[in-house]
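Each chain, written out:
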Amino acid sequence: MTALKITTAKFSKAHAASAAWRKQPHRTGQADYDARDAHLDAQLADARKSVDADAITALVNKINGRCRRNTITLFCEVWALAVEAEAKLERAGVQIKLRTGAVYHFRQAGPSASAYKGQMNVSDITMARVSDGWRLQSYSVTSVFPRASEIRVLTVSADARRAIVQQAMQGFAVSA
């Protein structure tokens with residue numbers, strides 16, 4: 001499977017601008033609001049061309065087969081995972097240049113013991129961070145037993161690890 005684009009800098013900036021605009025109270029006339037809203041939608045549509053949204057949705061639907069209930073079915077769900085991984089790196093204080101090479105693995109949790117008698121099919125997804133965004137490396141549907149834990153693992157390089165430790169230790173001194 002070739003790595004499909006989940007996010008790019010252009011897509012992320014356009015989405016953030018659109019979301020921020022929609023959260024603001026609007027005191028201008030409706031015509032001004034509609035014009036700005038249309039402009040942001042056009043920017044987002046143009047930026048969406050830089051990601052492989054349709055290809056990812058088609059791949060997910062093909063691999064899911066008839067499984068729909070407990071699996072990822074939309075591009076926006078995959079995109080949300082990529083945004084979550086990026087936010088984790090940002091909160092940890094990892095510089096953008098050190099984020100390249102990070103790998104995010106996600107598998108949904110199994111059912112509670114009383115809700116399901118056997119195995120349940122869930123999504124298992126792996127994404128990799130490249131210089132301009134996240135790429136989908138693998139997607140599969142796996143069977144899990146009841147009470148199986150959700151997996152959210154972000155693997156980083158040694159340099160990124162040093163940056164995370166440095167950020168965490170900021171303001172502390174080590175006694176001898």
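First, a word on what this report is: a plain description of the structure on this page. (Residues numbered from 1 in each chain as written. Predicted model: local features only at pLDDT ≥ 70, side-chain atom pairs only at ≥ 80, totals over all residues. Heavy atoms only, no water.)

### Here we look at helix H4 (residues 75-91)
At step 1: In a regular helix each residue adds 1.5 Å, so 17 residues correspond to 24 Å; H4 covers 24 Å between its end C-alpha atoms and thus fits that length.
At step 2: Regarding H4, the residues found buried are Phe75, Val78, Trp79, Leu81, Ala82, Ala85, Glu86 and Leu89. Axial view of H4: buried residues confined to an arc of 155°, hence all on one face. Across from the buried face of H4, at angles greater than 90 degrees, the exposed residues are Glu90 and Arg91.
At step 3: Following H4 by one or two positions, glycine 93 adopts a phi angle in the positive range, close to 85°. (Helix = DSSP H or I, 4+ residues; strand = E, 2+ residues; numbered from the N terminus. Expected span 1.5 Å × (residues − 1). Buried < 20%, exposed > 50% of the residue type's maximum accessible area, 1.4 Å probe, protein only. Arc of directions from axis to C-beta.)

### Section: the sheet that holds strand E3 (residues 120-130)
At step 1: On the basis of which strands lie adjacent, the open sheet formed by five strands has the order E1-E4-E3-E2-E5 and antiparallel pairing. Here the strands that pair on one side only, and so sit at the sheet edges, are strand E1 (4-5) and strand E5 (151-155).
At step 2: Across five bridges, the pairing between strand E2 (residues 103-107) and E5 is antiparallel. Residue pairing in the sheet places valine 103 in a bridge with threonine 155 of E5. (Pairing = 2+ DSSP bridges.)

### Quick notes on the pattern of salt bridges
At step 1: Across all of its chains, the model carries six salt bridges by this definition.
At step 2: Glutamate 84 is the salt-bridge partner of arginine 152, the closest N and O atoms lying 2.5 Å from each other. Highlighted residues: arginine 152 in strand E5 and glutamate 84 in helix H4, separated in sequence by 68 residues.
At step 3: Classification of glutamate 84 by relative accessible area gives partly exposed; the value is 24%. (Salt bridge = Lys/Arg side-chain N within 4 Å of Asp/Glu carboxyl O.)

### Observations concerning the pairing of strand E4 (residues 133-144)
At step 1: Bridging between E1 and E4 involves two bridges; their strand directions are antiparallel. Among the inter-strand pairings, leucine 4 is bridged to a residue of E4, identified as leucine 136.
At step 2: Sheet topology places E3 next to E4; eleven bridges connect them, and they run antiparallel. Note that in E4 the partner of valine 130 across the bridge is glycine 133.
At step 3: Counting the residues in the hairpin turn of E3 and E4 gives two residues.

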